[in-house]
Amino acid sequence: MPSSVSPKSAPILKVTDLKMHFPVKEGILLRANKSNKAVDGISFEIQPGETLGLVGESGCGKSTLGRCIARLYEPTSGSIEFEGNDITKLKGRALMPYRQNIQMIFQDPMESLNSRHTIGDILEEPYIVQKIGDKASRAKRVRELLNIVGLPTRSITRYPFEFSGGQRQRIGIARSIALNPKLVVCDEPVSALDVSIQSQILNLLVDLQKEFNLAYLFIAHDLAVVKHISDRIAIMYLGNIVEESTGESIYHEPRHPYTKSLISAIPIPDPHRRVKREIISGDVPSPINPPSGCRFHPRCPRVMERCKLEAPLLRTVADHQVCCHLDDL
Amino acid sequence: MLNLNPQTLKRLRRFREIKRGYYSFLFLAGLLVVLSFGELLVNSRALLVHYEDTLYFPTYSDFRPGTDFGLDYDYEVNYRELQATFDEQGSDNWVLMPPVPYNPLENHAPGGVFKPTSPSIDTRHLLGTDTTSRDILARLFYGTRIALWFSIAFMLAVYAIGITIGCAMGYFGGMFDLIFQRFIEIWSNIPFLYMIIIVFSVIPQTFTIPAKIVILLTVMVLFSWTSMTYYMRTETYKEKSRDYIAAARVIGASNTRIIFRHILPNVLSTLVTFMPFTVVSAITAITALDFLGFGLPAPTPSLGELLKQGTATLRTAPWIVMSAFGTLVILLTIVTFIGEAVRESFDPKKFTTYR
Ligand SMILES: Nc1ncnc2c1ncn2[C@@H]1O[C@H](COP(=O)(O)OP(=O)(O)O)[C@@H](O)[C@H]1O
Ligand code: SF4
Ligand SMILES: [Mg+2]
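A. Representation of the packing of aromatic side chains. Residues and elements named next belong to chain B. Scanning the model with the defined rule gives 21 aromatic pairs over all chains in all. Plain terms: the ring middles of Phe180 and Phe183 are 6.2 Å apart, the flat faces sit at 80 degrees to each other, and that makes the pair edge-to-face. Within this pair, Phe180 and its partner Phe183 are both found in helix 5 (residues 174-187), separated by 3 residues, close to a single helical turn. Here Phe180 falls in the partly exposed class, since its relative accessible area comes to 21%. Grouping aromatic residues by their ring pairs yields a cluster made of Phe176, Phe180, Phe183, Trp187, Phe192 and Phe223. Positioned above the aromatic ring of Phe337 is the side chain of Arg20, whose terminal nitrogen or guanidinium carbon lies 4.3 Å from the ring centre.

Following this line, the structure appears as structure tokens:
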């Protein structure tokens, strides 16, 4: 797969045909007859130091994908390779070295910090768990981390509830970089924050990426957030990636009907944009009973007979990967 | 760490502001201390004996034969009589008795006939005696002590088992959860009173009284821990799926660490609010069992046993039922007041920082 950043280097993360199906328990016997196909056959790569933006409506499986990669879930099938090593089925101790390399930032910073622990406890925990350093060196590192994310040293003895949303997310970010990871899954890290604070946090993430050569899987439900910071953007719909390309190209030349509708929904007038407004109707179908064929067909303005029967495959159109039957993309 | 937490501090501060509960707590704590040193207050053994220029402290020592103090028998000294004897002799020898100079097991019937006698300051039976001429105050005193320690031990054991199993069910889920759920459903349907009757008809009469008490406690705990698991299971399951647990897992924290450092401290603060009520129900249960005759083995002093006597002699010796009933009411009210205050001040709905 071509990458706009460094086509020749080995990917840091390679995801192949990843599926995460949650069993759905129904009836009085609570048998798992059906499954929620939250992630249903996703493939992509991330290069070292690169940001891949992942955009899709709420409920389309972004968090599930991110959590599979951070190995909070064990995927149903497919593979996740980190620097060439398959980590899909690793458990317990075998996973420990990868825990250092793959970290995660969560959407709601209050939820992701234990309210009973001080900031010092929270930031020291990664080192305790990974058995790094002694008490003194860990304390020093915690102060460094606070400094890096722009919080005062006295925060160490404070508790999460004493901070504002933006400050809490800085704490979450500090924890995620504590172990010097190579890849950070950012699951909508600014969605829960005030708009006025969002750009500060985004800038911090960009600075950290430059300083520590981090690769990001940056999840957002809003294209506008990821547009500026992503090298490439993947558009997700109901457990699948429907289009992938560079940030600029996705924004100015979307190919997939779903991407087009997303772009046209962005209200800011842009003189360079050549996309006409295409508003899609209807609700997102359930991933428990996804539509046949192309999953977007019940809402697609250009749906054809074929789309209802046959699922399109990801194919290359110019510098895009698109998943659609249309010829004139 | 738990103690330094500002949430916990806030809760403790609030607890102290609820005067009724706080004073009840102080009273109960004081009562427990007094009861622990009860032998100094309510005892047939003397506190101090001064005999031929030597001081003796019989309270916690081995038994002393009467010959030690110049009496003509070699069984245990009757210190009340010794006191009277010394007074008559008018020598330097003297005896200091505790405020209530009776133990709960002795039948003090100077006339030789066992019968309830009414409260009297002269005989030092401040609340009278029961149907076998035992001092009621002494029996209430030690009965309360046993009931309280029994109930606290019961609570701790029930919580230890209930927390462990409930937490494991919620945390590990799957087959473990399923098997235990079914097991608990069956187990909690076994009639508890029958089990007590069966167990005590099976164990040999030769067992000592402490052994029988431990067996009773064990049977009660075995049939009571299940209710604790329901709460623990759902709470653990809820906590486990929150993002701060995911964050701990991403940095590589082990299950043990997640359970003990993250989940339990967050769940236990609510559990504390149940504790006084568990004690209340344990006191009630043990009293009811004693009343029915299936509780603490005789002649262990107990409130239930006194109530039973009291209802039988309601007309002839009303002081028995009055004092037993009064004690029970005071005890249960105090613990309930504490429970209310704890619940009021620890209620997570009031203090939680989450939505
Ligand atoms: N732990 C889980 N167990 C069962 N179903 C889940 C779980 N997590 C997410 N889902 C389901 O998977 C689908 C995708 O959810 P999610 O990945 O959170 O979407 P997004 O992050 O894009 O909003 C939803 O239908 C959701 O209900
Ligand atoms: S395959 Fe058909 S339904 Fe799906 S996006 Fe393309 S045109 Fe629309
Ligand atoms: Mg999400």
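B. Spotlight on the sheet that holds strand 2 (residues 54-56) of chain B. All names here are of chain B. Strand order in the open sheet made by the 3 strands is 2-1-3, with antiparallel pairing throughout. One side of each edge strand has no neighbouring strand; the edge strands of this open sheet are strand 2 and strand 3 (94-96). Going across the sheet, the axis of each strand differs from the next one's by a mean of 15 degrees, ignoring polarity. Strand direction decides the pairing type here: strand 1 (residues 48-51) and strand 3, joined by 3 bridges, are antiparallel. Residue Val49 lies in a different strand from strand 3, and its bridge partner there is Val95.

C. Molecular detail of the sheet that holds strand 9 (residues 232-237) of chain A. Residues and elements named next belong to chain A. Spatially, 6-7-8-3-9-10-12-11 is the arrangement adopted by the 8 strands of the open sheet, whose pairing is mixed. A strand with exactly one partner marks an edge of an open sheet, and here the two such strands are strand 6 (102-105) and strand 11 (314-317). Across the sheet, the mean angle from the axis of one strand to that of its neighbour is 20 degrees, orientation sign disregarded. Of the pairings in the sheet, the one linking strand 3 (residues 51-55) to strand 8 (residues 215-220) comprises 5 bridges and is parallel in character. Following the sheet pairing, Gly53 is matched in strand 8 by Phe218. Along the sheet face, helix 6 (residues 195-212) touches strand 3, strand 6 and strand 8 and points at about 160 degrees away from the line of strand 8.

D. View of the site of ligand 2. Residues and elements named next belong to chain A. In the vicinity of ligand 2, the contacting residues are His256, Pro257, Cys294, Phe296, His297, Cys300, Arg302, Cys307, Pro312, Cys324, His325 and Leu326. Put simply, ligand 2 lies in the largest cavity. Within the shell around ligand 2, the residues separate by chemical class into 8 nonpolar, 3 polar and 1 charged.

E. Broad picture of a nonpolar patch on the surface. Residue and element names in this part refer to chain B. A cluster of nonpolar residues, Leu193, Tyr194, Ile197, Ile198, Val202, Phe291 and Leu292, forms a patch on the protein surface that exposes about 650 Å² of accessible area. If you tally residues by element for the nonpolar patch, the top one is helix 6 (residues 192-202), at 5 residues. One can find Val202 in helix 6.

F. Structural detail: the pattern of salt bridges. A full pass over the atoms with the stated rule returns 34 salt bridges over all chains. Its salt-bridge partner being Arg141 of chain A, residue Glu144 of chain A comes within 3.1 Å of it at the nearest N-O pair. Pair noted here: Glu144 of chain A and Arg141 of chain A are both in helix 4 (residues 135-148), with a separation of 3 residues, about one helical turn. Judged by its relative accessible area of 22%, Arg141 of chain A is partly exposed. In this structure, the salt-bridge partner of Lys308 of chain A is Glu305 of chain A, at a minimum N-O distance of 3.9 Å. With Lys308 of chain A and Glu305 of chain A both in helix 10 (residues 305-309), this residue pair falls 3 residues apart, about one helical turn. By relative accessible area, Lys308 of chain A is classed as partly exposed at 34%. Because the salt bridges share partners, they merge into one network encompassing Asp130, Arg134, Arg139 and Glu305 of chain B.

G. The interface of chain A and chain B, seen in detail. Taken together, the contact between chain A and chain B spans 28 residues of the former and 27 residues of the latter. Between chain A and chain B the total buried area reaches about 2500 Å² when both faces are included, carbon and sulfur atoms providing 52% of it. The largest per-residue losses of area from chain A upon contact with chain B belong to Glu111, Arg116 and Glu125 of chain A, which jointly make up 28% of the total buried on that side. On inspection of chain A and its partner chain B, the count reaches 3 salt bridges. Between chain A and chain B we count 12 residue pairs in polar contact (both at pLDDT 80 or more) in total. Those elements that provide at least two residues to the side of chain A that touches chain B are helix 2 (92-101), strand 6 and helix 3 (119-129) of chain A. A per-element tally of the side of chain A that touches chain B places helix 3 of chain A first, with 5 residues.

H. Structural detail: the domain arrangement of chain B. Here the domain parsing of chain B yields domain 1 (6-35 + 138-345) and domain 2 (44-97). Taking the mean C-alpha position of each, domain 1 of chain B and domain 2 of chain B sit 42 Å from one another.

I. Main features of the site of ligand 1. Residues and elements named next belong to chain A. The environment of ligand 1 is made up of 13 residues, and the closest members are Gly59, Gly61, Lys62, Ser63 and Thr64. Contributing elements (two or more residues each) for the shell around ligand 1: strand 2 (31-46) and helix 1 (62-69). Ranked by the residues each element gives to the shell around ligand 1, the list is headed by helix 1, at 3 residues. In the shell around ligand 1, the residues fall into 5 nonpolar, 6 polar and 2 charged.

J. Summary view of the environment of Ser269 of chain B. Residue position: Ser269 of chain B is located in helix 10 (residues 255-271). Judged by relative accessible area, Ser269 of chain B falls into the buried class, the value being 9%. Setting aside chain neighbours within four positions, we find Ser269 of chain B in contact with Arg116 of chain A together with Arg11 and Phe346 of chain B. Within the structure, the side chain of Ser269 of chain B is placed 3.3 Å from the side chain of Arg11 of chain B, a separation counted as a polar contact.

K. The layout of surface pockets, seen in detail. Of the pockets and cavities examined, the largest pocket occupies roughly 1800 Å³. Around the largest pocket sit 47 residues that line it, and Leu72 of chain A together with Tyr171, Phe172, Lys240 and Arg249 of chain B are the ones nearest its centre. The set of elements that each furnish at least two residues to the lining of the largest pocket consists of strand 1 (13-26), helix 2 and helix 3 of chain A together with helix 4 (136-172), helix 5, helix 8 (226-240), helix 9 (243-250) and helix 10 of chain B. Here the lining of the largest pocket is composed, by residue class, of 21 nonpolar, 11 polar and 15 charged. As a volume, the second largest pocket reaches approximately 540 Å³. What lines the second largest pocket is a set of 24 residues, and nearest its centre among them are Phe25, Val272, Met275, Pro276 and Val342 of chain B. For the lining of the second largest pocket, the secondary structure elements donating two or more residues are helix 1 (6-17), helix 2 (19-36), helix 4, helix 10, helix 11 (275-292) and helix 13 (318-346) of chain B.

About the criteria used
- Residues numbered from 1 in each chain as written.
- Chains lettered and ligands numbered in written order.
- Predicted model: local features only at pLDDT ≥ 70, side-chain atom pairs only at ≥ 80, totals over all residues.
- Heavy atoms only, no water.
- Phe/Tyr/Trp six-rings, centres within 6.5 Å; stacked < 30°, edge-to-face > 60°.
- Helix = DSSP H or I, 4+ residues; strand = E, 2+ residues; numbered from the N terminus.
- Buried < 20%, exposed > 50% of the residue type's maximum accessible area, 1.4 Å probe, protein only.
- Lys NZ or Arg CZ within 6 Å of the ring centre and 35° of its normal.
- Pairing = 2+ DSSP bridges.
- Axes fitted to C-alpha atoms, helices over the stretch in contact; angles between N-to-C directions.
- Contact = heavy atoms within 4.5 Å.
- Near = heavy atom within 4 Å.
- 1 Å grid on protein atoms, 1.4 Å probe; cavity = no way out; pocket = protein on both sides within 12 Å on 5 of 7 lines; lining within 4 Å.
- Sits in = over half its atoms within 2 Å of the grid points.
- Nonpolar A, V, L, I, M, F, W, Y, C, P; charged D, E, K, R; others polar.
- Patch = residues over 30% accessible without salt bridge, like charges linked within 9 Å, V, L, I, M, F, W, Y side chains within 5 Å.
- Areas by Shrake-Rupley, 256 points an atom, 1.4 Å probe, with all protein chains shown as cover.
- Salt bridge = Lys/Arg side-chain N within 4 Å of Asp/Glu carboxyl O.
- Buried area = accessible area lost by both parts, 1.4 Å probe.
- Polar contact = N/O pair within 3.5 Å; in protein donor to acceptor, adjacent residues only side chain to side chain.
- Domains from an automatic or database assignment.
- Points joined across faces, edges and corners; volume = space filled by probe spheres on them.

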